[in-house]
Amino acid sequence: MATTERERIERTYKKVKEKHPDVTDKDELRRLAVRFDVTRMLFVPAIVVAAAIIIGVSIHWIYPVTLTLICFAIGVPRALIIAKKRFYPIPKVEHKGTLTKEIVQKDANEYRKKEDTAFRIVKAPLWDKENSGDSDSDSPWFFFKFRGYDIPFRHYPGNMKIYTDAVIGEDYYVVMSVDSPDKRMLIEGILRKNTRIIAEEYHPYVLAVYKASEYDVAEELLEFFDREMEKKAIHEAVL
């Protein structure tokens, strides 16, 4: 699996602290982390540009060199935008109305290609995600954390905007399948805190995810929620 966003952030801060051991201010560390991340993203392209210039000048290869420089110039602000999103994340909120049983069943069944899918819903923060620069797939992994367990999800083929807009720490409603005895035991075990970590092979158990900030919750949907969050969900439903 590709490097995750959290791993990249932690490695960057580690490198920055090693290079600047006297810096303790969080804002300054973050600024240095952005600069380090941009430098890392542009390191290989810079080598390519330098090589193109050397070769181009020696054989009067002007137009390809100019094109290479233009591409690099475009890549610099793009790298800066990516780095700032990584270290200065700002959640994008678009209110999408009320989350209903029909919406969840439609999305779940579309993913599973089944009808009348049985499911449970928990509210969990986005703990980590695959790194955009390292991922070789258009369906990167998302990882949610619930009661100490990892819940992986991979179901957004061809829509990288959902990936780039996802901010670590944001709360989501995570819909998990319980349409078979083994899945029901696993999910209920998580709710009782007595099962092992969900590994990647369990990712089909997650049917859909929704940003909690973007939806109210229909009361008819509350019976599918983990009991401990019913009161909170009811409060959100009447806002």
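Residues numbered from 1 in each chain as written. Predicted model: local features only at pLDDT ≥ 70, side-chain atom pairs only at ≥ 80, totals over all residues. Heavy atoms only, no water.

Section: the sheet that holds strand β4 (residues 149-153)
How we decide: Whether two strands pair comes down to DSSP finding at least two bridges between them. Secondary structure elements are defined from DSSP: runs of H or I of at least 4 residues count as helices, runs of E of at least 2 residues count as strands, and each element is numbered from the N terminus. Angles here are taken between N-to-C directions and fall from 0 to 180 degrees, while the axes themselves are lines fitted to C-alpha atoms, restricted in helices to the stretch in contact.
The sheet built from five strands is open, its strands ordered β4-β3-β2-β5-β6 with antiparallel pairing. Edge strands, defined here as strands with exactly one partner in the open sheet, are β4 and β6 (206-211). In this sheet, adjacent strand axes meet at a mean angle of 40° when their direction is disregarded. With five bridges connecting them, strand β5 (residues 171-177) and β6 associate as antiparallel partners.

Let's talk about the packing of aromatic side chains
Worth spelling out the cut-off: Aromatic contacts are taken between Phe, Tyr and Trp rings whose centres are within 6.5 Å, Trp giving its six-membered ring; a plane angle under 30 degrees counts as stacked, one over 60 as edge-to-face, and the others as tilted. In this scheme, a residue with accessible area under 20% of its type's maximum is buried, one over 50% is exposed, and one in between is partly exposed, where area comes from a 1.4 Å probe on protein chains only.
Considering all chains together, one arrives at five aromatic pairs under this definition. When the centroid spacing of 4.5 Å and the interplanar angle of 25° are considered together, the rings of Phe-119 and Phe-224 count as stacked. Note that Phe-119 is positioned in strand β2 (residues 119-129) and Phe-224 in the loop between β7 (216-217) and α7 (230-237), a separation of 105 residues in sequence. Of the two residues, Phe-119 and Phe-224, neither departs from the other in class, the shared state being buried. When the ring of Tyr-173 is compared with that of Phe-225, the centres are 5.6 Å apart and the planes differ by 85°; the resulting orientation is edge-to-face. Highlighted residues: Tyr-173 in strand β5 and Phe-225 in the loop between β7 and α7, separated in sequence by 52 residues. Accessibility expressed as a relative area gives 1% for Phe-225, which makes it buried.

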